[in-house]
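Secondary and tertiary structure notes
Each chain is listed here by its residues.
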Amino acid sequence: MTDMSSGPRLSVVVPVYNDPSGLRDTLDSLTSQENPPRYEVIVIDNDSTDETPYVIEEFEKKYPDIVLGCAETDIQSSYAARNTGIEQASGEILAFIDA
């Protein structure tokens, strides 16, 4: 039986491309949960060319135990970004939300 007290129970995968404002709103919502389950938020930047990577970095620094940023730069597609997030996820349950 898995030790339920360690590691995240839920992995929330958030693919994003060139949407710093939407991403900020999404991450504000995800990180302001009251009495949340053990969870992690994995943000996958799909090779953005705007301020999106800086928003990810800001939330990684502010919430280092919750937010993990990574990138999918080989394939421009939300599906590829989601797959990258799945590879990084460590939760027992996966959830997907768009920025």
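Refer to the structure presented above.
Position numbers for residues count from 1 along each chain, tracking the sequence in the order it is written. Side-chain atom pairs in this predicted model are given and counted only at pLDDT of 80 or more, local residue features only at pLDDT of at least 70, and totals for whole chains, interfaces and linings cover all residues. Computation of side-chain values covers all heavy atoms of the structure but excludes hydrogens and water.

Details of the packing of aromatic side chains
For any pair of aromatic rings, the description consists of the separation of the ring centres together with the inter-plane angle of the planes. As a reminder, the rule being used: Paired rings are identified among Phe, Tyr and Trp, the last through its six-membered ring, by centres lying within 6.5 Å, and are further divided according to the angle between planes into stacked (under 30 degrees), edge-to-face (over 60) and tilted (the rest). Whether a charge sits over a ring comes down to the Lys NZ or Arg CZ being within 6 Å of the ring centre and within 35 degrees of the ring normal.
Scanning all chains against the criterion turns up 1 aromatic pair. With 6.1 Å between their ring centres and 20° between their planes, Phe59 and Tyr63 make a pair best called stacked. Directly above the aromatic system of Tyr79 lies the positively charged group of Arg82, at a separation of 5.7 Å from the ring centroid.

As for the pairing of strand E2 (residues 39–45)
This is how the line gets drawn: Only protein chains enter the area calculation, which uses a 1.4 Å probe; residues under 20% of their type maximum are buried, those over 50% are exposed, and those in between are partly exposed. Secondary structure elements follow DSSP: runs of H or I of four or more residues count as helices, runs of E of two or more count as strands, with numbering from the N terminus. When DSSP finds two or more bridges between two strands, those strands count as paired. The crossover handedness rule: strands pointing away from the viewer, path from first strand over the helix to second strand clockwise, crossover right-handed.
Along E2, 7 of the 7 residues are buried, which leaves the element largely enclosed by surrounding structure. With burial as the criterion, each face of E2 is covered, one bearing Tyr39, Val41, Val43 and Asp45 and the other bearing Glu40, Ile42 and Ile44. Bridging between strand E1 (residues 10–16) and E2 involves 7 bridges; their strand directions are parallel. What sits directly across from Val16, in E2, is Asp45. Following the chain from E1 across helix H1 (residues 20–31) to the adjacent parallel E2, one finds a crossover that is right-handed. Bridge analysis of E2 against strand E3 (residues 67–71) gives 5 bridges, and the strand direction is parallel. Residue Val41 lies in a different strand from E3, and its bridge partner there is Val67.

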